[in-house]
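This is what each chain is made of:
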Amino acid sequence: MKNRELMAAVVAMAEFASPAKAKEALVHFTVDELTRSAVASSMNIDNTPPAHIVGNIHRLIGDVLEPARLRFGAPIYVNSGYRCPQLNRAVGGVARSYHLQGRAADFTTGTVDGNRRLWRILCDLPHVELIWEGGGAWIHVAY
Ligand SMILES: [Zn+2]
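Residues numbered from 1 in each chain as written. Predicted model: local features only at pLDDT ≥ 70, side-chain atom pairs only at ≥ 80, totals over all residues. Heavy atoms only, no water.

Around the zinc ion, the donor atoms from the protein are H99 (NE2), D106 (OD) and H140 (ND1), and they sit 2.0 Å away. On the primary sequence, the residues serving as donors to the zinc ion are separated as H-x6-D-x33-H. Of the two residues examined, H99 and D106, each falls in the buried class. (Donors = N, O, S within 2.8 Å, 3.2 Å for Na, K, Ca; no water. Buried < 20%, exposed > 50% of the residue type's maximum accessible area, 1.4 Å probe, protein only.)

This is the structure we're talking about:
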């Protein structure tokens, strides 16, 4: 969490200094961010994605998350991305979840109002699932 807050601050400062350059230079999402999991760490589960799934994660970032982030104009925090079968069972994910294929992410802007705005942006981006979760606490998207 500390790292994410620090990164959000760095992004905010960089965009303040030079919005155009910040958009070119900074990668807002990484495969690592889409695979790290506190549950996996605490249960000693290796959530490293196989090679064919890394491609799916890159497509999810490039076609959905990054365009959404750029239109939203502020940080988006990923709570859950790829889940290996063991992790998916541990978090109670459905058996055929797109998370298992690296094709889904759960994320939040930090506020329900922000998530509402992000939802409208996501409606115009490619997806196969878009779910308003936890009363707007987070959004699930699959692509
Ligand atoms: Zn999800």
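This next bit is on the nonpolar core. One finds F29, L34, L65, F107, L118 and L122 to be the most contacted residues of the largest nonpolar core, which totals 26 residues. Those elements that place two or more of their residues in this core are helix 4 (51-72), strand 2 (104-108), helix 6 (112-123) and strand 4 (138-142). Setting aside its immediate chain neighbours within four residues, F29 contacts L34, I61, L65, E66, R69, I76 and V78. (Core = buried A, V, L, I, M, F, W, Y, C linked by side-chain atoms within 4.5 Å. Helix = DSSP H or I, 4+ residues; strand = E, 2+ residues; numbered from the N terminus. Contact = heavy atoms within 4.5 Å.)

Here the focus is unusual backbone geometry. Phi at N44 is positive, roughly 60°, even though this residue is not glycine. Secondary-structure assignment places N44 in the loop between helix 3 (38-42) and helix 4. According to the relative accessible area criterion, N44 is exposed, its value standing at 73%.

Moving on to the packing of aromatic side chains. Taken as a whole and judged by the stated rule, the model has one aromatic pair. Residues W119 and W132 carry aromatic rings whose centres are separated by 5.6 Å and whose planes lie at 80° to one another, so their mutual orientation is edge-to-face. You can see W119 sitting in helix 6 and its partner W132 sitting in strand 3 (residues 129-133), a full 13 residues away along the chain. (Phe/Tyr/Trp six-rings, centres within 6.5 Å; stacked < 30°, edge-to-face > 60°.)

Taken as a whole, the protein shows an average pLDDT of 89; of its residues, 81% reach a score of 70 or greater. Confidence drops under pLDDT 50 across residues 21-25; counting only partners more than four residues distant or on other chains, this segment forms three contacts. (pLDDT = per-residue confidence, 0-100.)

On to the sheet that holds strand 3. With antiparallel pairing, four strands are arranged side by side in an open sheet as 1-2-4-3. Edge positions in the open sheet fall to strand 1 (77-80) and strand 3, since each of these has one partner strand only. Going from strand to strand, the sheet's axes swing by 30° on average, the running direction of each strand aside. Inspection of the sheet shows strand 1 paired to strand 2 by three bridges, in the antiparallel sense. Paired with V78 across the two strands is F107, which belongs to strand 2. (Pairing = 2+ DSSP bridges. Axes fitted to C-alpha atoms, helices over the stretch in contact; angles between N-to-C directions.)

The next thing to look at is the environment of H127. Relative to the helices and strands, H127 is located in the loop between helix 6 and strand 3. Once residues lying within four places of it in the same chain are set aside, the contact partners of H127 are L122, V141, A142 and Y143. Of the polar contacts made by the side chain of H127, one reaches the backbone oxygen of L122; its length is 3.3 Å. One polar contact links the side chain of H127 to the main-chain carbonyl oxygen of L125, over a distance of 2.8 Å. (Polar contact = N/O pair within 3.5 Å; in protein donor to acceptor, adjacent residues only side chain to side chain.)

The grouping of V39, M43 and V91 at the surface amounts to a nonpolar patch, some 230 Å² of accessible area in total. Here M43 is to be found in the loop between helix 3 and helix 4. Residue class for M43 comes out partly exposed when judged on its relative accessible area of 47%. (Patch = residues over 30% accessible without salt bridge, like charges linked within 9 Å, V, L, I, M, F, W, Y side chains within 5 Å. Areas by Shrake-Rupley, 256 points an atom, 1.4 Å probe, with all protein chains shown as cover. Salt bridge = Lys/Arg side-chain N within 4 Å of Asp/Glu carboxyl O.)

This part is about the pattern of salt bridges. Taken as a whole and judged by the stated rule, the model has three salt bridges. The partner of R36 in a salt bridge is D32, and the shortest N-O contact between them spans 3.0 Å. Using a relative accessible area of 39% as the deciding quantity, one classes R36 as partly exposed. Taking relative accessible area as the criterion, D32 reaches 45% and is therefore assigned partly exposed. Across the pair R116 and D113 runs a salt bridge whose closest N-O atoms are separated by 2.8 Å. Of this pair, R116 and D113 both sit in helix 6, separated by three residues, roughly a single helical turn. Exposure remark for D113: the relative accessible area of 57% places this residue in the exposed category.

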